Amino acid sequence: MLPLAQIVAVAENGVIGKDQSLPWHLSSDLKRFRTLTWGRPVLMGRRTFLSIGRPLPGRISVVLTSDRDFQPEGGVRVGHDLGEALTLAEQAALELGAEDIMVIGGQRVFAETLPLADTIHLTRVHATPAGDVVLPPFDPAEWREVEREGPIQGPKDDYPFTYITLTRA
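Described in the following lines is the structure provided in the data block. (Residues numbered from 1 in each chain as written. Predicted model: local features only at pLDDT ≥ 70, side-chain atom pairs only at ≥ 80, totals over all residues. Heavy atoms only, no water.)

### Brief notes about the overall build of the protein chain
Across its full length, the protein chain carries four helices and 10 strands. Mapped in sequence order, the helices and strands of the protein chain form the string β-β-α-β-α-β-β-α-β-α-β-β-β-β. The principal-axis extent of the C-alpha atoms belonging to the protein chain is close to 40 × 35 × 25 Å. For the protein chain, buried positions account for 47% of its 169 residues. Counting contacts in the protein chain only where the partners sit at least 6 residues apart, residues at least 24 apart contribute 65% of the total. Taken as a whole, the protein chain presents about 8600 Å² of accessible surface, with 50% of it coming from carbon and sulfur. Between the mean site of the 17 positive side-chain charges and the mean site of the 22 negative ones, the protein chain shows a separation of 4 Å. (Helix = DSSP H or I, 4+ residues; strand = E, 2+ residues; numbered from the N terminus. Buried < 20%, exposed > 50% of the residue type's maximum accessible area, 1.4 Å probe, protein only. Contact = heavy atoms within 4.5 Å. Areas by Shrake-Rupley, 256 points an atom, 1.4 Å probe, with all protein chains shown as cover. Lys, Arg positive; Asp, Glu negative; His and termini not counted. Charge placed at Lys NZ, Arg CZ, Asp CG, Glu CD.)

Right, dumping it as structure tokens:
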């Protein structure tokens with residue numbers, strides 16, 4: 001299996017979403033997200049896909065959903081269980097010449113893929129916004145910090161944040 005990397009922005013209180021959206025606007029982080037995911041398959045849940053509203057350019061979208069009637073347009077691939085979704089993502093990676101698969105959310109997909117993930121690209125948002133979706137907990141002892149940058153806050157960022165890259169210990 002190809003390496004699996006999760007990419008997630010999470011607030012100090014664990015919040016990652018609110019009302020099918022992000023509870024902040026971080027232009028700088030969106031640019032980093034694009035850079036890290038470009039040319040790779042992106043694995044996400046149905047609600048995350050619907051919140052984005054379209055397939056992401058320069059990537060192949062793989063959606064994990066139990067909804068057998070879900071049939072998005074635009075070349076999106078749909079897996080109805082994690083194994084099927086990972087197989088589709090691996091096929092997409094081969095087509096793209098990518099060396100890994102990026103997991104971009106949401107909560108359930110992060111929880112299901114965490115035991116398989118090799119890397120977490122974490123953006124720690126230095127705020128405590130209200131939200132209705134939180135990042136599933138992970139054991140810090142299983143991870144090693146290999147990179148940290150920040151705090152950063154660009155002119156179009158609602159809050160300061162820190163980039164942290166973790167690899168499985």
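### Topic: the pairing of strand 1 (residues 4-11)
Taking burial as the measure, the eight residues of strand 1 include eight buried ones, the bulk of the element. A two-sided burial pattern is seen for strand 1, the buried positions comprising Leu4, Gln6, Val8 and Val10 on one face and Ala5, Ile7, Ala9 and Ala11 on the other. Two elements, strand 1 and strand 6 (residues 101-105), share three bridges in a ladder whose sense is parallel. Note that in strand 6 the partner of leucine 4 across the bridge is isoleucine 101. Where strand 1 lies against strand 7 (residues 119-125), seven bridges are found, and the strand directions are parallel. Note that in strand 7 the partner of alanine 11 across the bridge is valine 125. (Pairing = 2+ DSSP bridges.)

### Description of the sheet that holds strand 5 (residues 77-79)
Strand order across the open sheet formed by eight strands is 5-4-3-6-1-7-10-9, with mixed pairing between neighbours. On the outer flanks of this sheet lie strand 5 and strand 9 (143-152), each paired with one strand and no other. With strand direction ignored, the average angle separating the axes of adjacent strands in the sheet is 20 degrees. Lying over the sheet, helix 1 (residues 27-37) contacts strand 1, strand 3 (41-45), strand 6, strand 7 and strand 10 (161-168), oriented at roughly 30 degrees with respect to strand 10. Running over the sheet, helix 3 (residues 82-96) touches strand 1, strand 3, strand 4 (60-64), strand 5 and strand 6 and is turned about 150 degrees from strand 5. (Axes fitted to C-alpha atoms, helices over the stretch in contact; angles between N-to-C directions.)

### Re helix 1
Along an α-helix, residues three or four apart share an orientation, since each turn contains 3.6 residues. Inspection of helix 1 places Ser27, Asp29, Arg32 and Thr37 among the buried residues, and these make up the whole buried set. In this structure, the buried residues of helix 1 make contact with strand 1, strand 3, strand 6, strand 7 and strand 10. Just downstream of helix 1, glycine 39 is the residue with a positive phi angle, here 75 degrees.

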